Amino acid sequence: MDNAGHCVEVHVGSGRLFYRVGQMNFDTQKINWGPSKQYDTGSSNSIFMDNAGHCVEVYVGSGRLFYRVGQVNFDSSTISWE
């Protein structure tokens with residue numbers, strides 16, 4: 001989560017990797033999540049985001065560790081991966 005309450009999360013479902021972008025509502029203490037989007041296959045993923053929306057995601061695929069660098073678009077709830 002960044003200082004403005006923007007959030008990103010990654011998760012695994014049936015060997016596929018997904019992400020979601022959301023916005024924290026501090027008054028209700030709830031997160032309004034965008035749709036879940038598949039971006040690859042693998043397992044054991046994790047993500048970090050800074051206050052400018054730059055993110056780094058790591059995951060395990062084919063027994064090796066991989067990473068991606070991306071830019072979050074909070075208006076469209078998407079991440080552009082490089």
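1. Comments concerning the overall build of the protein chain
Now for step 1: In terms of helices and strands, the protein chain carries 0 helices and 8 strands.
Now for step 2: Across the protein chain, helices and strands are ordered from the amino to the carboxyl terminus as β-β-β-β-β-β-β-β.
Now for step 3: Against the globule reference of 12 Å for 82 residues, the protein chain gives a C-alpha radius of gyration of 13 Å, in line with a compact fold.
Now for step 4: Out of the 82 residues in the protein chain, the part that is buried amounts to 34%.
Now for step 5: Summarising the internal contacts of the protein chain: among those between residues at least 6 apart in sequence, 37% fall at separations of at least 24.

2. Considerations on the environment of Y39
Now for step 1: Tracing the sequence through the fold places Y39 in strand β4 (residues 37-41).
Now for step 2: For Y39, a relative accessible area of 12% corresponds to the buried category.
Now for step 3: It is 5.9 Å that separates the C-alpha atoms of Y39 and L17, two residues lying 22 residues apart in sequence.
Now for step 4: Ignoring anything within four residues of it in the chain, the contact list for Y39 reads V10, L17, F18, Y19, N45, E57, R68 and W81.
Now for step 5: There is a polar contact of 2.5 Å between the side chain of Y39 and the side chain of E57.

3. Observations regarding the sheet that holds strand β6 (residues 54-61)
Now for step 1: Taken in spatial order, the 4 strands line up as β5-β6-β7-β8 in an open sheet, and their pairing is antiparallel. The sheet terminates laterally at β5 (43-49) and β8 (78-81), the two strands that pair on one side only. Ignoring strand direction, the axes of neighbouring strands in this sheet form an average angle of 30°.
Now for step 2: By the bridge criterion, 8 bridges tie β6 to strand β7 (residues 64-73) in an arrangement that is antiparallel. Each bridged residue has a counterpart across the sheet, and for G61 the counterpart in β7 is R64.

Rules and cut-offs
Residues numbered from 1 in each chain as written. Predicted model: local features only at pLDDT ≥ 70, side-chain atom pairs only at ≥ 80, totals over all residues. Heavy atoms only, no water. Helix = DSSP H or I, 4+ residues; strand = E, 2+ residues; numbered from the N terminus. Rg over C-alpha atoms; globule rule 2.2 N^0.38 Å. Buried < 20%, exposed > 50% of the residue type's maximum accessible area, 1.4 Å probe, protein only. Contact = heavy atoms within 4.5 Å. Polar contact = N/O pair within 3.5 Å; in protein donor to acceptor, adjacent residues only side chain to side chain. Pairing = 2+ DSSP bridges. Axes fitted to C-alpha atoms, helices over the stretch in contact; angles between N-to-C directions.

Just geometry here; none of it tells us what the structure is for.
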